[in-house]
Amino acid sequence: MRDYIISTDNTCDLPLSLLQENNIDVHDLYYAFGDDVYGGEKTMPLKEFYNKMHNGALPTTMAANPAEIEKKFEAAVNKGYDILHIAFSSALSGSYNAYQIASREVLERHPEAKIIIIDSLAASMGEGLIVTEALRLKNTGKSMLEVSKHIENFKHNACHQFTVNDLNHLQRGGRISKATAIIGSLVNIKPVLRVDEAGRLVPLSKVRGRKKALSTLVDNMETKMGLFKSMNKTVLISHSDCIEDAQIVANDIKNRFGFEVIINDICPTIAAHTGPGTVALFYWAETR
């Protein structure tokens, strides 16, 4: 039986050290400011990225490149590996389709290999949560098919909830109306949103003030975990240029539940649409 690797997108927002230590292959999604495209070998420090957004620059994003995917898949298959790829939500990016196209091209040349593409229907560390579950199962000796079936059965239990500090970025992306953004900003309304079962960003509730929004994330977690609480020995938090707020949520979780927490930055591909000041919480729950 051929060995297999797990691969994913940089939109999983897992710490680089965790990805490297576990030999998880990472595919970059690109973004641009005007004609300047970043990703892969051309990078921009996150601080510079956020400063540009604070100063009014609006980045654009793009799906993964099928030709680049094909090249990476080919390299792994040539080394004797099968591939389990966990992809960014198909409702938020065309990358999942790009992976399907690339895998078909590679498998035509290598019929002895196997490539499984999973649509995580997840974003940021929600995608990362699914990746870590796949890794856990692989490390217990589960086959690629066993892992993929488990992930397909449980990916809808990967709960994503988040709040943003600036409603204008959500309005630009069509998540809320312009009137809602203007009125909400005037009265200090902060939305709490989630990624739903179809992998889309959807509003969940509105609260007044940043402090309340942050505590609501943890309140909702306490309600939603249910029978999945035992799976949450470690929960994940991502943020865009607001580490202090992310730490407030982490401390609240540790005090209430005693869970370990991993905090990491939101990548530019996602932050381009949610803006600086986003705090997102990810954990296993009975439903998304």
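Residues numbered from 1 in each chain as written. Predicted model: local features only at pLDDT ≥ 70, side-chain atom pairs only at ≥ 80, totals over all residues. Heavy atoms only, no water.

A. A look at the packing of helix α5 (residues 125-139) against helix α6 (residues 144-154). Two elements in contact, α5 and α6, have axes whose closest approach is 10 Å; the angle formed by their N-to-C orientations is 145 degrees. Crossing angle aside, the handedness with which α5 passes α6 is right-handed. Here α5 contributes Ile-130, Glu-133, Ala-134, Leu-137 and Lys-138 to the contact with α6, which in turn contributes Val-147, His-150 and Ile-151. Its residues placed into classes, the contact of α5 with α6 shows five nonpolar, one polar and two charged. (Axes fitted to C-alpha atoms, helices over the stretch in contact; angles between N-to-C directions. Helix = DSSP H or I, 4+ residues; strand = E, 2+ residues; numbered from the N terminus. Left-handed = near helix turned anticlockwise from the far one by under 90°. Contact = heavy atoms within 4.5 Å. Nonpolar A, V, L, I, M, F, W, Y, C, P; charged D, E, K, R; others polar.)

B. Layout of the pattern of salt bridges. Within the structure shown, the criterion is met by 13 salt bridges. Across the pair Arg-2 and Asp-82 runs a salt bridge, and its minimum N-O distance is 2.8 Å. Of this pair, Arg-2 sits in the segment before β1 (4-9) while Asp-82 is found in strand β6 (residues 82-87), placing the two residues 80 residues apart along the sequence. Owing to a relative accessible area of 7%, Asp-82 belongs among the buried residues under this scheme. Measuring nitrogen to oxygen at the nearest pair gives 2.7 Å for the salt bridge that ties Asp-219 to Arg-256. With Asp-219 in helix α9 (residues 210-224) and Arg-256 in helix α10 (residues 243-257), this pair connects stretches of sequence that are 37 residues apart. Among the residues examined, Arg-256 registers a relative accessible area of 31% and is labelled partly exposed. The structure contains a network of salt bridges with shared partners spanning Asp-219, Glu-222, Asp-252 and Arg-256. (Salt bridge = Lys/Arg side-chain N within 4 Å of Asp/Glu carboxyl O. Buried < 20%, exposed > 50% of the residue type's maximum accessible area, 1.4 Å probe, protein only.)

C. Fine view of the side chain of His-239. By the element assignment, His-239 lies in strand β11 (residues 234-239). One polar contact links the side chain of His-239 to the main-chain amide nitrogen of Cys-242, over a distance of 3.1 Å. (Polar contact = N/O pair within 3.5 Å; in protein donor to acceptor, adjacent residues only side chain to side chain.)

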